[in-house]
Amino acid sequence: MSDKRRKSRIQGGWTSASKVPTKRVPIGSKIHSTNPNDSVTDGEKKSLENGSQQKFVFEESCIKVGRHKPAEKTIEEHGIHEIGVSANGVSRICYFPDFIEEEKADQIFDRLHKELPWRQRSDVWPDGRTFLQPRLTAWYGDLPYTYSGQTHQPNPKWHPVLQDLREHLQKSLGIYFNSMLANLYRDGHDSVGWHTDKNPALGEQPTIASLSFGDSRTFELRKNPPPEENGDYTYMEHLKVPLIHGSLLTMEGALQHDWQHRVPKEYHDRGPRINLTFRLTFPE
Ligand SMILES: O=C(O)CCC(=O)C(=O)O
């Protein structure tokens, strides 16, 4: 068992009371006293009263003390959230739950759901095996876009609804976008796994603007661990943002260097959700 796993478990076992010394021994040792005059739990008292000679003995590792999993935080408030700073700079998300009013958002969802050229594409595991992505996608942009070994071919003829949204975003944020990746999560079983949008085609610190339509889904972020954690995220910060119908989320600054994100599968039924991520891509 790895040290980390051992640290997060309380170990012990049933032992014969006759083997247990009556003197209390310090934490970190294997045995606690069964002398009824010493403090014992209700369960322990019962087993002693019943004449049982068995007692549960805790072994607690000293090294466990002082290492806590940070509490998971949820961000629901409208506005700018600086979620971390490192040598790479500040990682920031901005969340605007009411970016598009409900009736308009309903119309956008219906048209995009029916009219975009949705396709299920494949992706590649790190070991080279391919699998079908658990969602449908569509790409718009003058340039091709490659990630996970798959290339979306240029698709410069923007759907009119997407063109309107692109202009609205550009005016609101003061940022130019020339491409957009759309995701359709058909139900709660569809998802996107942990990843970053760190891609040479997006430059060093891209601003990605993400619009959501349809059923709400949880967007999760987790901070990348330092090298000494060997890729283990157990003790790293985790954040959740519920992305609702008509909301805008931007990812900015060092976020793609220092954090990963995902939209996990849901345990409860979900209706379809469309996500549009507007980006500025450069020729690779
Ligand atoms: O569906 C979302 O909100 C996130 C999509 C995403 O992570 C991506 O397209 O890279």
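Above this text you will find the structure in question.
Model, not experiment: these values are computed from the prediction.

With that settled, the discussion passes to the sheet that holds strand β11 (residues 179-185). Spatial strand order, β4-β5-β16-β13-β18-β11-β8: seven strands in an open sheet with antiparallel pairing. If you trace the sheet from one side to the other, it starts and ends with β4 (79-86) and β8 (136-141), each paired once. For this sheet, the mean inter-axis angle between neighbouring strands, taken without regard to orientation, is 15 degrees. Of the strand pairs in this sheet, β8 and β11 are connected by six bridges, and their pairing is antiparallel. Bridge pairing in β11 links Thr137 to Asn183. Set on the sheet, helix α3 (residues 102-115) makes contact with β11, β13 (208-214) and β18 (273-279); between it and β18 the angle comes to about 90 degrees.

Turning to the packing of α3 against helix α4 (residues 160-173), a few remarks are in order. Put simply, α3 and α4 touch, their axes get as near as 10 Å, and they point 135 degrees apart. Between α3 and α4, the crossing angle belongs to the class labelled oblique. Contacts between α3 and α4 involve Ile108, Arg111 and Leu112 from the first element and Pro160, Val161, Leu162 and Leu165 from the second. Residues that form the contact of α3 with α4 fall into these classes: six nonpolar, no polar and one charged.

Moving on, we get to a negative patch on the surface. A cluster of like negative charges, contributed by Glu101, Glu102, Glu103, Asp106 and Asp110, occupies part of the molecular surface. Examined against the element boundaries, Glu102 turns out to sit in helix α3. Owing to a relative accessible area of 57%, Glu102 belongs among the exposed residues under this scheme.

Where burial is concerned, most of strand β17 (residues 259-263) is hidden: four out of the five residues are buried. Strand direction decides the pairing type here: strand β14 (residues 217-223) and β17, joined by four bridges, are antiparallel. Bridging across to β17, Arg222 finds its partner in Gln260.

Along the polypeptide, Asn155 turns up in the loop between β10 (150-152) and α4. Accessibility expressed as a relative area gives 22% for Asn155, which makes it partly exposed. Those residues within four positions of Asn155 in sequence are excluded, and the remaining contacts are Trp139, Tyr140 and Gly141.

Taken together, 13 residues surround the ligand, and among them Asn183, Tyr185, His195, His261 and Arg273 come closest. Asn183 is positioned with one of its side-chain polar atoms (N or O) 3.1 Å from an oxygen atom of the ligand. Within the contact set of the ligand, an oxygen atom lies 3.1 Å away from a side-chain nitrogen or oxygen of Asp197. Here the ligand loses 96% of its free accessible area of 300 Å² to cover by the protein chains. Put simply, the parts of the chain that give the shell around the ligand at least two residues each are β11, β17 and β18. In terms of residue class, the shell around the ligand is made up of five nonpolar, five polar and three charged.

Cut-off values and rules
- Residues numbered from 1 in each chain as written.
- Predicted model: local features only at pLDDT ≥ 70, side-chain atom pairs only at ≥ 80, totals over all residues.
- Heavy atoms only, no water.
- Pairing = 2+ DSSP bridges.
- Helix = DSSP H or I, 4+ residues; strand = E, 2+ residues; numbered from the N terminus.
- Axes fitted to C-alpha atoms, helices over the stretch in contact; angles between N-to-C directions.
- Contact = heavy atoms within 4.5 Å.
- Parallel < 35°, antiparallel > 145°, perpendicular 65-115°, else oblique.
- Nonpolar A, V, L, I, M, F, W, Y, C, P; charged D, E, K, R; others polar.
- Patch = residues over 30% accessible without salt bridge, like charges linked within 9 Å, V, L, I, M, F, W, Y side chains within 5 Å.
- Areas by Shrake-Rupley, 256 points an atom, 1.4 Å probe, with all protein chains shown as cover.
- Salt bridge = Lys/Arg side-chain N within 4 Å of Asp/Glu carboxyl O.
- Lys, Arg positive; Asp, Glu negative; His and termini not counted.
- Charge placed at Lys NZ, Arg CZ, Asp CG, Glu CD.
- Buried < 20%, exposed > 50% of the residue type's maximum accessible area, 1.4 Å probe, protein only.
- Near = heavy atom within 4 Å.
- Polar contact = N/O pair within 3.5 Å; in protein donor to acceptor, adjacent residues only side chain to side chain.

Worth remembering: the numbers are spatial, not functional.
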